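Read off the chains here:
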Amino acid sequence: MRTSQYLLATLKETPANAEVISHQLMLRAGLVRNLASGLYTWLPTGLKVLRKVEKIVREEMERAGAIEALMPVVQPADLWEESGRWDEYGPELLRINDRHQRPFVLGPTHEEVITKLVSNEISSYKQLPLNVFQVQTKFRDEIRPRFGVMRGREFLMKDAYSFHLEQECLEQTYQKMFDAYCRIFERLGLDYRPVIADTGSIGGDASHEFHVLAESGEDDIAFSDNSDFAANIEKAEALAPTGPRTEANQELTKVATPGVKSIEEVAAFLKVDAKATVKTLMVLAPEDENGQQAVVALVLRGDHQLNEIKAEKLDQLAAPLTFASEEQIQAAINCQVGSIGPVSLPLKVIVDRSAAHLSDFVCGANEDGYHYTGANWDRDAKDYSVEDIRNVVEGDPSPCGQGNIIIKRGIEVGHIFQLGKKYADAMNCGVLTESGKHQTLTMGCYGIGVSRIVAAAIEQNHDKYGIKWPAAIAPFQAAIVPMNMAKSARVKETAEALYQQLQQAGIEVLFDDRKERPGVMFADHELIGTPLLLVIGERNLDNQQIEVKNRITGEKSLLAINEVLSLFN
Ligand code: ATP
Ligand code: MG
Ligand code: MG
Ligand code: MG
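Naming follows an unreviewed UniProt entry, where the protein chain appears as Proline--tRNA ligase of Thalassomonas haliotis. We quote the UniProt Sequence similarities (unreviewed entry) comment for the protein chain here in full: "Belongs to the class-II aminoacyl-tRNA synthetase family. ProS type 1 subfamily." Checking UniProt for the protein chain, the heading Subunit (unreviewed entry) contains the comment "Homodimer."

See below:
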């Protein structure tokens with residue numbers, strides 16, 4: 001690739017409105033451009049990275065026995081009615097009508113489509129188990145698209161769905177997927193952790209998330225400092241607009257009247273840093289005329305979100321703000337989401353990480369009977385209850401019995417579930433067993449945020465000059481950077497010859513043939529994060545040498561021109 005024929009699209013200035021470093025660098029390095037809220041065009045350099053991530057994911061899925069298919073983005077609404085999610089899913093589901101006024105959705109996920117397919121195609125136990133995956137665009141009408149492709153509305157996901165006759169078989173496939181995910185994130189060169197996850201609104205019996213550790217992560221991960229216990233303790237979705245959560249949020253809007261507090265005032269009152277990391281804000285309304293007490297949770301994370309919440313919610317909170325008593329918290333736990341009604345002011349506010357578990361209640365999630373196992377699904381036999389996990393606080397003994405809890409931020413890049421029979425039951429997906437009886441199938445589902453991984457990788461791998469790609473996903477393996485090519489025929493010839501040679505050897509190389517000053521060229525390649533810069537200059541050519549600059553280590557060394565290929569062995 002020659003830069004003169006390429007769309008480099010690098011930017012000198014840090015774009016406004018890009019809050020996290022990966023978003024800034026993705027714009028500056030010319031990886032993506034914003035089209036509208038949560039919608040991004042992948043420019044050529046970004047697409048190269050995206051495809052590399054996709055390739056690793058695909059190879060490991062296939063190695064683990066999954067087979068690839070491709071399902072439509074647009075899905076008929078009746079499938080969602082059949083599964084019950086037409087009503088459950090809430091405003092993240094974008095609903096559209098065709099010209100005949102028939103309702104469709106843009107697929108946020110594909111359980112319905114695959115379950116329908118399998119119920120049509122599979123009739124005998126002999127065809128099981130089956131694990132089908134795709135790499136497909138998803139659309140979720142996120143309430144707060146942000147951080148660039150990290151939380152887009154349109155994004156690329158690898159999703160897989162497995163079908164089984166028996167739970168035991170599901171567990172085997174689940175373990176295979178768990179292991180495949182570990183290999184994927186290792187090959188990607190990322191610092192990641194599998195963590196025990198909440199099964200949330202999808203429902204089901206067991207679930208793990210895979211998190212890339214980074215300060216900008218939206219979730220809180222509790223680790224033991226002396227075992228591999230790790231769990232997602234942050235109820236990240238307390239504000240997600242699904243089901244009863246949405247109603248709760250709408251009700252908050254209804255019951256509260258304006259009593260504006262600035263972020264600083266609220267933060268000072270609550271004795272938290274206005275740039276606080278993650279806090280759960282419980283809003284307790286007093287009893288209504290029927291003696292019912294209402295409760296609504298807001299989750300504040302990071303300064304930006306605090307500001308967003310200020311705009312959307314905090315303005316609606318009324319004074320005086322006071323901490324709730326233990327009794328009030330207990331009363332809140334005992335009340336029903338459905339009971340939120342026309343209650344009067346004042347609202348009471350508490351901020352307490354240890355109250356995070358309340359937000360589930362507020363979300364209407366039914367956690368009864370859920371059990372979690374250790375981070376290694378198979379090998380760690382110990383089970384933890386939801387309460388064991390939710391209530392952990394930094395410094396506490398780990399629920400696993402070994403070590404103490406430390407809390408770090410994580411970016412959710414993968415999520416695996418044992419779904420059980422929820423979809424198969426609703427959509428009548430079953431087979432004839434060996435004894436000729438009809439049996440409903442049990443399912444697993446396995447997601448990876450392919451496009452989010454690109455951003456997460458940058459969060460973990462950058463410096464003040466730009467991106468430092470892990471080798472496996474760098475858009476180019478090397479760049480040829482000739483010094484003052486316009487003035488030196490010798491430099492030009494050498495650069496051209498080296499370009500031909502590397503191309504023929506199958507090396508992904510970017511030949512910077514622009515008439516730019518060396519400083520401009522170096523700045524661009526450092527920004528893009530090309531791992532090796534092959535610098536060709538008059539002086540070194542006297543000795544038949546070029547200079548090799550390593551983006552990761554910063555090392556510079558001289559190399560004989562005829563030995564350049566050895567760099568790529
Ligand atoms: P989050 O908690 O970040 O909203 P999720 O739990 O809703 O994610 P899943 O339904 O588990 O997401 O989807 C599987 C994967 O898809 C996630 O682990 C994540 O990597 C990715 N993903 C989900 N939502 C988005 C989004 N809006 N933009 C980019 N990637 C996403
Ligand atoms: Mg989500
Ligand atoms: Mg999540
Ligand atoms: Mg998830």
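What follows deals with the coordination of the magnesium ion (ligand 4). Coordination of the magnesium ion (ligand 4) by the protein is provided by Glu 412 (OE) and His 415 (ND1), with metal-donor distances spanning 2.1 to 2.2 Å. If you look at the magnesium ion (ligand 4) and the magnesium ion (ligand 3), they sit 3.2 Å from each other and are both ligated by Glu 412. Take Glu 412: its relative accessible area is 23%, and that puts it in the partly exposed class. On the accessibility criterion, His 415 (13% relative accessible area) is buried.

Taken together, 15 residues surround ligand 1, and among them Glu 142, Arg 151, Gly 152, Glu 412 and Arg 452 come closest. One of the side-chain N or O atoms of Arg 140 is found 3.0 Å from an oxygen atom in ligand 1. Residue Met 150 places a main-chain N or O atom 3.4 Å away from a nitrogen atom belonging to ligand 1. Taking 580 Å² as the accessible area of ligand 1 by itself, protein coverage stands at 91%. Looking at the shell around ligand 1, the elements with two or more residues in it are strand E8 (154-164) and strand E18 (405-420). With four residues, E18 is the single largest residue contributor to the shell around ligand 1.

Turning our attention to the sheet that holds strand E28 (residues 556-560). Taken together, the five strands give an open sheet; going across it, the order is E25-E24-E26-E27-E28, and neighbouring strands pair in mixed fashion. Sheet topology places strand E25 (509-511) and E28 at the edges, where each strand pairs with a single neighbour. This sheet shows a mean twist of 25 degrees between the axes of neighbouring strands, independent of strand direction. Pairing geometry for strand E24 (residues 478-482) and E25, over three bridges, is parallel. Looking across to E25, one finds that Ile 480 is bridged to Phe 511. Packing of helix H16 (residues 518-528) onto the sheet brings it into contact with E24, E25, strand E26 (532-536) and strand E27 (545-550), and relative to E24 it is tilted by some 175 degrees.

Let's shift gears to the packing of aromatic side chains. Counted under the stated rule, the structure contains ten aromatic pairs. Measuring from ring centre to ring centre gives 6.5 Å for Tyr 174 and Tyr 446, while their planes differ by 50 degrees; the resulting arrangement is tilted. Of this pair, Tyr 174 sits in helix H6 (residues 167-187) while Tyr 446 sits in strand E21 (residues 442-449); the two residues are 272 residues apart in sequence, bridging distant segments of the chain. A residue is classified by how much of its surface remains accessible, and Tyr 174, at 0% relative accessible area, is buried. Residues Tyr 181 and Phe 185 carry aromatic rings whose centres are separated by 6.3 Å and whose planes lie at 75 degrees to one another, so their mutual orientation is edge-to-face. Within this pair, Tyr 181 and its partner Phe 185 are both found in helix H6, separated by four residues, close to a single helical turn. Each member of the pair Tyr 181 and Phe 185 is classed as buried. Here the aromatic cluster, defined as three or more aromatic residues joined through ring pairs, consists of Phe 178, Tyr 181, Phe 185, Tyr 192 and Phe 210.

How each quantity is defined
Residues numbered from 1 in each chain as written. Chains lettered and ligands numbered in written order. Predicted model: local features only at pLDDT ≥ 70, side-chain atom pairs only at ≥ 80, totals over all residues. Heavy atoms only, no water. UniProt positions renumbered as here; feature names shortened; annotations may be inferred. Donors = N, O, S within 2.8 Å, 3.2 Å for Na, K, Ca; no water. Buried < 20%, exposed > 50% of the residue type's maximum accessible area, 1.4 Å probe, protein only. Near = heavy atom within 4 Å. Polar contact = N/O pair within 3.5 Å; in protein donor to acceptor, adjacent residues only side chain to side chain. Areas by Shrake-Rupley, 256 points an atom, 1.4 Å probe, with all protein chains shown as cover. Helix = DSSP H or I, 4+ residues; strand = E, 2+ residues; numbered from the N terminus. Pairing = 2+ DSSP bridges. Axes fitted to C-alpha atoms, helices over the stretch in contact; angles between N-to-C directions. Contact = heavy atoms within 4.5 Å. Phe/Tyr/Trp six-rings, centres within 6.5 Å; stacked < 30°, edge-to-face > 60°.

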